[in-house]
Amino acid sequence: MALAYNLQTGQRAERKTLITVVEFTPLGSSSTTKELLGTRTEDSSVEYNPDIETTTDILGNNYSDMTKTQPEQSFDPSPIVGGSQFQLWLNDKRRRNALSELSGLTVYIITAFLTDGTATTSDGKYACEKHTDCSVTYDSIGGDTNVNMPFTIHFSNKIKTGTVDKLTADFTFTEDSNI
Amino acid sequence: MDSSKNQKMIDYLLTCDDIASGSLFFNYAEESESAYSFLTVADDKDLQKPYIDGSVMKRYTFQFICYKPLSNNPLVNEAGFMDENMQNLDEVQHILDWVEEQESIRNYPDFGNDILPERIYCMTDDPNLFAIDTESDPALAKYSVIIRFEYLDRTKMLFN
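In this text, all values refer to a predicted model and were calculated from it rather than measured experimentally.

When you go through chain A residue by residue, the secondary structure sums to one helix and twelve strands. Ordered by position from N to C terminus, the α and β elements of chain A give β-β-β-β-β-β-β-α-β-β-β-β-β. Referenced to the eigenvectors of the C-alpha coordinate spread, the extents of chain A come out at roughly 55 × 50 × 30 Å. Looking at chain A as a whole, 37% of its 179 residues are labelled buried.

Listed below in structure tokens is the structure:
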């Protein structure tokens, strides 16, 4: 897939154009749903945590190899907000200490500032990375004025690149065909 | 600021019996007994809090002025006697209490589908005596309270 910017020359990509969506099975349901992550979170980044091995040859030249990445994204604060099915799901695991049920999530990273290069944004083809078998950890619960339950998504790196057709929870992910 | 928000806030305030029973003016001061003035206040945009999903926590602030008659009778230590000025202050306090009650039952003005109410509150627990006008007949006390409505604006979100 050829990438192109969904931006004018010189235009900065707004933070809202980097979108993380989790797909999971809500409590009491047998089908999955998708939910946007980051409600009322002011700052959050995908941290790649690379392992870098650097060697130096006899000429003094450095060679650095990135041997692996372990991407994760924390959402803090993440206040408990009525209506969030994902927070309900996560609270269920927390209450039961059901650690083995914190995996198997599909997480999409939609880079809405990128398109597939062959269509205009009016066609709605936004670049996306789909990670399957991701895990989530709840980091704490509490806070001061409102109940805050920050959590961290641990990406699996089982990635399929592709596009999504729209920026709503019922989007369809289409995998790149030439990979 | 979308002017319809002002109208919606006024509609909301007029559900308060104490306000509806008086005369409410918008950005105008009618200095008369039981008159109220709704004065718009501009909030600094730098105080808005943007979130990563494109929503923004905003605030809508206004000043509410209440005009009450003033008595020049001195206070006396007499059982059952309540100073008239204190009674009038209590009437203004009713309005502040009404705002707090609306917050406790989560009854907010309706700013539209993309606006999620956060909270409404008075900036002080008591009315502020703004000014005294002894030239008018009757003499009037002007009480003031700043009221703030915080809400989450979702109109600029990309993913919905």
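Attention now moves to the overall build of chain B. Secondary structure summary: chain B contains three helices and seven strands in total. Walking chain B from its N terminus toward its C terminus, one meets helices and strands in the order α-α-β-β-β-β-α-β-β-β. Structurally, chain B occupies a C-alpha span of about 65 × 30 × 25 Å along its principal axes. Counting across all 160 residues of chain B, residues that qualify as buried make up 41%. Within chain B, contacts between residues at least 6 apart in sequence are counted, and of these 66% link residues at least 24 apart. Accessible surface, chain B: about 8,900 Å² in total, of which carbon and sulfur atoms supply 46%. Averaging the positions of the 13 positive and the 30 negative side-chain charges in chain B gives two centres separated by 14 Å.

Our next topic: unusual backbone geometry. Note the cis peptide between A:D76 and A:P77, where omega equals 5 degrees. Relative to the elements of secondary structure, A:P77 occurs in the loop between β7 (72-75) and α1 (85-96). In this structure, the amide linkage connecting B:D137 to the following residue, B:P138, adopts the cis form with an omega of 0 degrees. For A:N97, which is not glycine, the phi dihedral falls at a positive 50 degrees. Of note in this structure, A:D133 is not a glycine but carries a positive phi near 60 degrees. Its place among the elements puts A:D133 in strand β9 (residues 126-138).

In this assembly, 14 residues from chain B lie in contact with 20 residues from chain A. Taking both partners together, chain B and chain A bury about 1,500 Å²; carbon and sulfur atoms supply 66% of that area. If you sort the residues of chain B by the area they bury against chain A, B:I52, B:L158 and B:F159 come out on top, with a joint share of 56%. In this structure, A:E42 and B:K49 form a salt bridge, with 3.9 Å as the shortest nitrogen-oxygen distance.

Here we come to a negative patch on the surface. A cluster of acidic side chains, namely B:D90, B:D97, B:E100, B:E101, B:D125 and B:D126, defines a negative patch on the protein surface. Checked against the element boundaries, B:D126 lands in the loop between β5 (115-122) and β6 (128-133).

In this structure the tally under the stated criterion is 14 salt bridges over all chains. As a salt-bridge pair, A:E101 and A:R96 come within 2.7 Å of each other at their nearest N and O atoms. With a relative accessible area of 44%, A:R96 lands in the partly exposed category. In this structure, the salt-bridge partner of B:E91 is B:K68, at a minimum N-O distance of 2.9 Å. With B:E91 in helix α3 (residues 84-104) and B:K68 in strand β4 (residues 56-69), this residue pair connects regions lying 23 residues apart in the sequence.

Scoring rules and cut-offs
- Residues numbered from 1 in each chain as written.
- Chains lettered and ligands numbered in written order.
- Predicted model: local features only at pLDDT ≥ 70, side-chain atom pairs only at ≥ 80, totals over all residues.
- Heavy atoms only, no water.
- Helix = DSSP H or I, 4+ residues; strand = E, 2+ residues; numbered from the N terminus.
- Buried < 20%, exposed > 50% of the residue type's maximum accessible area, 1.4 Å probe, protein only.
- Contact = heavy atoms within 4.5 Å.
- Areas by Shrake-Rupley, 256 points an atom, 1.4 Å probe, with all protein chains shown as cover.
- Lys, Arg positive; Asp, Glu negative; His and termini not counted.
- Charge placed at Lys NZ, Arg CZ, Asp CG, Glu CD.
- Buried area = accessible area lost by both parts, 1.4 Å probe.
- Salt bridge = Lys/Arg side-chain N within 4 Å of Asp/Glu carboxyl O.
- Patch = residues over 30% accessible without salt bridge, like charges linked within 9 Å, V, L, I, M, F, W, Y side chains within 5 Å.

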